[in-house]
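Chain and residue survey
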Amino acid sequence: MLKPIILAIWTILAPGSQRLPSADAIADAIVAATSDEREASLLALYAWRESNLRPGVTGDGGRSCGAWQEPCALVRGLSLETQARLWLSWVRASSLASVDSSPARAARRERL
């Protein structure tokens, strides 16, 4: 039941994004990583905000990779599911501030 929620979030954020070639694979990774609606929603929001659902994107001068823009040294070569689980483990262990460079932005994204 989570996948329709994830796709709906992307539809609201950017109509048509739910049909991007990588959308199904990222949504499936999120569903495999959690069964919690709130966590799935956060993963979906951050996948859109950090990479526009582009799992192969590199940012921050080559330091951040993947759908959730995690440190390349940690996630390069990992499956989307493993990347989602890793990202989620950081959020569970600390907070959204641990995965977002701006605590204020993390708070706004959580409210969204």
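Residues numbered from 1 in each chain as written. Predicted model: local features only at pLDDT ≥ 70, side-chain atom pairs only at ≥ 80, totals over all residues. Heavy atoms only, no water.

Moving on to the overall build of the protein chain. Scanning the protein chain for helices and strands turns up six helices and three strands. In the protein chain, the succession of α and β elements from N to C terminus is α-α-α-β-β-β-α-α-α. Expected size for 112 residues packed as a compact globule is a radius of gyration near 13 Å; at 13 Å, the protein chain falls within 12% of this value. Dimensions of the protein chain along its principal axes, counting C-alpha atoms only, are 30 × 25 × 25 Å. Taken across its 112 residues, the protein chain has 43% of its residues classed as buried. Residue pairs in contact within the protein chain that sit at least 24 positions apart in sequence constitute 48% of those at least 6 positions apart. (Helix = DSSP H or I, 4+ residues; strand = E, 2+ residues; numbered from the N terminus. Rg over C-alpha atoms; globule rule 2.2 N^0.38 Å. Buried < 20%, exposed > 50% of the residue type's maximum accessible area, 1.4 Å probe, protein only. Contact = heavy atoms within 4.5 Å.)

Within the secondary structure, P71 is located in strand β3 (residues 70–71). On a C-alpha basis, the gap between P71 and L2 in space is 27 Å, while along the polypeptide they are 69 residues apart.

As a further point, take the state of the cysteines. Per the stated rule, a full pass over the model turns up one disulfide. For C65, the disulfide goes to C72, at an S-S distance of 1.9 Å. Across the S-S bond of C65 and C72 the torsion is about 90°, and the bridge reads as right-handed. For C72, a relative accessible area of 3% corresponds to the buried category. (Disulfide = S-S within 2.5 Å.)

Here helix α3 (residues 37–51) crosses helix α6 (residues 103–111) at 120°, and the two axes come no closer than 10 Å. The pairing of α3 with α6 is recorded here as oblique in orientation. As α3 runs across α6, the sense of the crossing is right-handed. In contact with R38, L42, L45, Y46, R49 and E50 of α3, α6 contributes A106, R109 and E110. Of the residues belonging to the contact of α3 with α6, the class tally is four nonpolar, no polar and five charged. (Axes fitted to C-alpha atoms, helices over the stretch in contact; angles between N-to-C directions. Parallel < 35°, antiparallel > 145°, perpendicular 65-115°, else oblique. Left-handed = near helix turned anticlockwise from the far one by under 90°. Nonpolar A, V, L, I, M, F, W, Y, C, P; charged D, E, K, R; others polar.)

What follows deals with the side chain of Q69. Within the secondary structure layout, Q69 lies in the loop between β2 (64–65) and β3. According to the relative accessible area criterion, Q69 is buried, its value standing at 14%. Among the polar contacts made by the side chain of Q69, one reaches the main-chain carbonyl oxygen of V57 at a distance of 3.3 Å. Separated by 2.9 Å, the side chain of Q69 and the backbone oxygen of G66 make a polar contact. (Polar contact = N/O pair within 3.5 Å; in protein donor to acceptor, adjacent residues only side chain to side chain.)

Right, let's talk about helix α1 (residues 2–13) for a bit. Between its terminal C-alpha atoms α1 stretches 17 Å, which fits the 16 Å expected from 12 residues at 1.5 Å a residue. Taken as a whole, α1 has its buried residues at L2, I6, I9 and W10. Take α1 and look down its axis: the buried residues cluster within an arc of 95°, on one side only. On its buried face, α1 sits against α2 (23–33) and α3. (Expected span 1.5 Å × (residues − 1). Arc of directions from axis to C-beta.)

With that out of the way, let us pick up the packing of aromatic side chains. Taken as a whole, this structure holds one aromatic pair when the rule is applied. With a centroid separation of 5.1 Å and an interplanar angle of 50°, the aromatic rings of Y46 and W87 are classed as tilted. Highlighted residues: Y46 in helix α3 and W87 in helix α5 (residues 80–93), separated in sequence by 41 residues. Across this residue pair, the class does not change: Y46 and W87 are buried. (Phe/Tyr/Trp six-rings, centres within 6.5 Å; stacked < 30°, edge-to-face > 60°.)

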